Amino acid sequence: MMKSSSFTRATLSLSSILSLRPKPGRVAFCSAAKPKPQTPLYLRPPEFRATLSDLRKWHIWAKTEACNFSAVDGGAESSLLRRELRWLVEDAVEQPGLVWEEMNEEGGREVAMRACLEELYEMWKERIEERRPFQYVVGCEHWRDLILSVEEGVLIPRPETEVIVDLVDAAVKADEELRDGYWADLGTGSGALAIAVARVLGGGGGGGGRVAAVDLSPIAVAVASYNVERYNLQERICVRLGSWFDPLEDLRGELSGLVSNPPYIPSDDIDGLQAEVSRHEPRLALDGGPNGMDDLIHLCNGAASMLKPRAFFAFETNGEMQSKFLVDYMDTKMKGSFCRLNIISDFAGIQRFVTGYRSA
Amino acid sequence: MRVFSSQAAAEASTSDGLTVEGIIANNWVIYDENESDWKSHAAAIAQSIHLIKKRLRWKELIPKLEMLSEELNKEDLWDDPSHAGKISREHGSIMGKIKAANAFEQELFEHIDMIKLAREENDTELESESMNALLALRRNIKEKELEALLAGEHDPCPCFIEVQAGAGGTESMDWASMVMQMYKKWAESRHFGVAVVEEIAGEMAGIKRATIRVDGDYAYGYAKAEVGAHRLVRISPFDSNKRRHTSFASVAVIPILGDGFSHVQINESDLKIERFRAGGAGGQHVNTTESAVRITHIPTGVTASCQNERSQHQNKASAMSVLQSRVDQLEMQRQAQKNAEHTQSLTDINFGSQIRSYVLHPYRMVKDHRTDYEVSDPDSVLEGDLDGFILSYLSASLDKNEDD
């Protein structure tokens with residue numbers, strides 16, 4: 001799907017985007033091309049009504065659909081779908097607590113909802129039949145303590161990536177100077193890392209540093225900006241449209257920190273992934289080239305000149321092979337640029353993250 | 001400087017010298033509430049007051065209050081704010097109980113005096129007014145009598161209720177989910193807040209294990225009466241041969257201690273955190289909403305897990321709160337073991353011991369093995385009507401402790 005769209009890295013990287021690059025420090029996407037982000041279901045006004053008995057009918061239908069479903073690709077399974085169904089009701093109904101209590105009782109009382117029943121039928125069909133990710137269906141993802149708006153064209157933040165924020169937190173606690181600097185989140189997508197990092201930087205009292213959130217996709221830039229505003233961090237985070245370090249020329253050698261969850265899946269593997277990912281999520285955010293390393297290598301090369309001495313970085317990778325390759329690459333090909341390189345596992349024990357510092 | 005006094009109560013009585021002990025000694029017959037007889041009301045109220053005092057361990061209360069008052073008046077008390085908080089909370093709580101009990105006595109005697117006066121003056125209006133007031137007091141104090149059951153230090157806390165299916169596959173998992181449902185309904189009927197923390201569904205039906213958090217006044221105090229194994233006898237709907245099955249579900253109840261209590265310090269380095277998520281490769285490969293977390297506290301081996309929240313972060317936070325409560329409870333039990341006073345109640349909290357049977361076939365009955373309290377309508381019990389069982393257990397166990 002993303003392949004056919006006009007936003008591929010090659011066509012966008014240097015030509016049109018550079019000319020649009022705004023002055024540093026401003027929220028930075030072109031207003032003419034600004035896509036309008038969708039409002040997550042749970043934030044829509046409760047302007048629809050349905051009787052409890054009709055809602056119950058829908059719920060029974062949806063539950064049966066969920067129970068009868070099984071996917072061979074390791075994606076949705078029925079216990080998960082039943083949990084998602086509960087969350088869908090929580091997001092769609094104005095007073096979910098009351099509705100749960102009365103769901104099994106008879107009576108035609110009306111409840112206020114944020115989508116009409118027809119739309120709920122449609123949503124659940126898309127979820128089950130088309131394997132549309134639940135987070136796109138409800139338009140949000142709960143990630144760390146944040147609720148982030150997401151939609152097609154933006155990678156849904158993964159729980160693994162939550163760890164990067166803890167790594168940043170540990171780094172700024174070890175070196176408080178990092179807290180006040182300029183950080184970058186490259187390939188920000190929904191803005192998850194940028195927002196969480198900005199909150200970590202601001203957590204020590206006082207001012208705290210700023211974060212540049214960069215993405216090549218105008219949809220991602222629009223969604224990230226929306227999320228930044230929702231958390232009232234416009235003063236602290238600037239969202240910039242462009243490829244990796246390109247929109248950050250003004251910060252060359254100035255960055256105190258860099259985080260990124262770049263695309264790292266080998267191109268040939270993508271079609272074999274579960275349907276929610278392969279059919280619905282943006283290829284731009286997943287495809288890391290033939291061996292998945294294209295963007296990680298690009299980030300390493302750029303980091304050497306963009307980071308200031310003693311700056312911290314953390315990258316997410318595909319796992320052990322990529323992490324080891326990356327550390328080896330930095331140790332040998334970029335000898336002297338980086339120090340204190342470390343591979344850190346995610347909760348599942350997969351060697352997921354590479355961290356380190358720019359040499360002094 | 002504030003001086004905390006213990007204000008030990010002087011013996012109260014009516015104008016003609018009738019005391020609570022005196023009323024009880026008179027052995028007046030207690031009739032139904034509808035009988036308009038002041039002696040009957042007075043006797044019922046006097047008995048309730050006596051019970052409340054007994055449950056409060058009245059005789060120990062006064063010296064304890066004096067001790068606490070002394071402690072509170074010490075100059076250096078607030079050098080240790082957490083100790084000071086505990087002392088002043090305890091002092092306030094005991095003062096409150098004493099005042100409440102004394103106020104009941106006072107009210108009882110006022111009404112009696114008033115009724116006697118009305119009779120002397122032939123004032124029927126005043127007499128019926130006072131009689132109604134006496135009846136209202138009788139009803140009110142009956143409720144307070146139940147509340148006095150909940151005098152334990154942790155009784156006012158919210159709690160977790162955990163239900164685990166016993167051996168026996170689908171039938172016992174179905175039973176476990178019925179038991180969980182019973183507690184949810186019970187909690188709702190008491191207007192407690194209920195939130196599911198963890199739920200592991202059975203393959204075919206029911207649950208392997210589930211944990212709910214129950215918020216509300218005295219949630220732990222009431223729910224602690226449910227700890228133990230619950231036994232079900234019925235024709236299993238999962239048995240095509242329609243045979244009778246016996247299954248078990250075990251129930252654990254853990255208080256959630258507030259900020260005022262001391263918690264066991266849990267070090268991050270002592271934790272093993274496991275994350276469960278479908279799909280081996282993880283990361284960008286996988287997008288599921290599954291983000292279960294299990295945390296093991298290595299020094300104690302205590303574990304807690306959560307998979308019902310919408311982010312890993314929330315699941316971890318939720319599992320941590322369960323873990324903290326479990327580790328706190330373990331420490332409380334350890335302390336209690338050192339303290340002979342608690343050995344009695346400790347033997348009651350044995351997860352394995354069978355406390356209640358629910359028989360749906362060949363006859364219908366729910367019976368509590370600790371108190372012999374029984375009900376012939378299992379449906380109402382499974383719909384959450386548990387208060388009879390809980391209160392009879394609480395009063396039996398308190399009265400037992402009192403006799404020791």
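Residues numbered from 1 in each chain as written. Chains lettered and ligands numbered in written order. Predicted model: local features only at pLDDT ≥ 70, side-chain atom pairs only at ≥ 80, totals over all residues. Heavy atoms only, no water.

### Points about the overall build of chain A
Scanning chain A from N- to C-terminus turns up 13 helices and 11 strands. Taking all 360 residues of chain A together, 57% fall into the buried category. Of the contacts formed within chain A by residues at least 6 apart in sequence, a portion of 73% connects residues at least 24 apart. In the form shown here, chain A has an accessible surface area of approximately 14800 Å², with 50% of it arising from carbon and sulfur atoms. (Helix = DSSP H or I, 4+ residues; strand = E, 2+ residues; numbered from the N terminus. Buried < 20%, exposed > 50% of the residue type's maximum accessible area, 1.4 Å probe, protein only. Contact = heavy atoms within 4.5 Å. Areas by Shrake-Rupley, 256 points an atom, 1.4 Å probe, with all protein chains shown as cover.)

### Some details on the interface of chain A and chain B
Residue-level contacts link 46 residues of chain A with 25 residues of chain B. Each partner contributes to the roughly 2900 Å² buried at the junction of chain A and chain B, and carbon and sulfur atoms together form 47% of this total. Looking at the side of chain A facing chain B, the largest losses of area belong to Trp-87, His-142 and Phe-347 of chain A, adding up to 22% of the total buried there. Along the contact surface separating chain A from chain B lie 1 salt bridge. (Buried area = accessible area lost by both parts, 1.4 Å probe. Salt bridge = Lys/Arg side-chain N within 4 Å of Asp/Glu carboxyl O.)

### What about the sheet that holds strand 5 (residues 244-255) of chain B?
All names here are of chain B. Pairing within the open sheet is mixed, and its 8 strands lie in the order 2-3-1-5-4-9-10-11. Each having just a single partner strand, strand 2 (193-201) and strand 11 (374-375) make up the two edges of the open sheet. Taken together, the 8 bridges between strand 4 (residues 228-235) and strand 5 define a ladder with antiparallel strand orientation. Looking across to strand 5, one finds that His-230 is bridged to Ala-249. (Pairing = 2+ DSSP bridges.)

### Things to note about the sheet that holds strand 7 (residues 292-297) of chain B
All names here are of chain B. Here we have 3 strands laid out as an open sheet, ordered 6-7-8, and antiparallel in their pairing. Among the strands making up the open sheet, the edge pair consists of strand 6 (271-276) and strand 8 (302-306). Recorded for the sheet is a direction-independent mean angle of 15° between the axes of neighbouring strands. Examined bridge by bridge, strand 7 and strand 8 share 5 bridges and lie antiparallel to one another. (Axes fitted to C-alpha atoms, helices over the stretch in contact; angles between N-to-C directions.)

### Some thoughts on empty space enclosed by the protein
Counted under the stated rule, the structure contains 6 cavities of 30 Å³ or more. Size it by volume and the largest cavity reaches roughly 350 Å³. Residue lining of the largest cavity: 28 residues in total, with Gly-187, Thr-188, Gly-189, Asp-215 and Ala-285 of chain A positioned closest to the centre. Going through the elements one at a time, helix 9 (192-201) and strand 6 (210-215) of chain A are the ones with two or more residues in the lining of the largest cavity. Looking at the lining of the largest cavity residue by residue, the class counts come to 15 nonpolar, 10 polar and 3 charged. Here the second largest cavity defines a volume of roughly 70 Å³. Forming the boundary of the second largest cavity are Glu-141, His-142, Pro-159 and Glu-162 of chain A together with Thr-288, Thr-289, Glu-290, Ser-291, Arg-310, Ser-311 and Gln-312 of chain B. Classifying every residue of the lining of the second largest cavity by side-chain character gives 1 nonpolar, 6 polar and 4 charged. (1 Å grid on protein atoms, 1.4 Å probe; cavity = no way out; pocket = protein on both sides within 12 Å on 5 of 7 lines; lining within 4 Å. Points joined across faces, edges and corners; volume = space filled by probe spheres on them. Nonpolar A, V, L, I, M, F, W, Y, C, P; charged D, E, K, R; others polar.)

### Some thoughts on the packing of aromatic side chains
In this description, an aromatic ring pair is defined by two values, namely the gap between the centres and the angle between the planes. Residues and elements named next belong to chain A. One pass over the full model with this rule turns up 10 aromatic pairs over all chains. Measuring from ring centre to ring centre gives 6.3 Å for Trp-183 and Phe-312, while their planes differ by 45°; the resulting arrangement is tilted. With a gap of 129 residues between them, Trp-183 in strand 5 (residues 182-186) and Phe-312 in strand 9 (residues 307-316) connect regions that are remote in the sequence. Across this residue pair, the class does not change: Trp-183 and Phe-312 are buried. (Phe/Tyr/Trp six-rings, centres within 6.5 Å; stacked < 30°, edge-to-face > 60°.)

### A word on a negative patch on the surface
Residue and element names in this part refer to chain B. A cluster of acidic residues, Glu-120, Glu-121, Asp-123, Glu-125 and Glu-129, forms a negative patch on the protein surface. At the level of secondary structure, the elements contributing two or more residues to the negative patch comprise helix 4 (81-121) and helix 5 (124-147). Topologically, Glu-125 is positioned in helix 5. (Patch = residues over 30% accessible without salt bridge, like charges linked within 9 Å, V, L, I, M, F, W, Y side chains within 5 Å. Lys, Arg positive; Asp, Glu negative; His and termini not counted. Charge placed at Lys NZ, Arg CZ, Asp CG, Glu CD.)

### Digging into helix 2 (residues 38-55) of chain B
Counting along an α-helix, one turn takes 3.6 residues, and residues three or four places apart therefore face a common direction. Residue and element names in this part refer to chain B. The terminal C-alpha atoms of helix 2, which comprises 18 residues, lie 25 Å apart, in line with the 26 Å expected from a rise of 1.5 Å per residue. For helix 2, a buried count of 13 out of 18 residues is recorded, marking the element as mostly surrounded by other parts of the structure. Sitting at the amino-terminal end of helix 2 is Asp-37, which places a side-chain oxygen 3.1 Å from the backbone nitrogen of Lys-39. Arg-57 sits one or two residues past helix 2 and shows a positive phi near 55°. (Expected span 1.5 Å × (residues − 1). Polar contact = N/O pair within 3.5 Å; in protein donor to acceptor, adjacent residues only side chain to side chain.)

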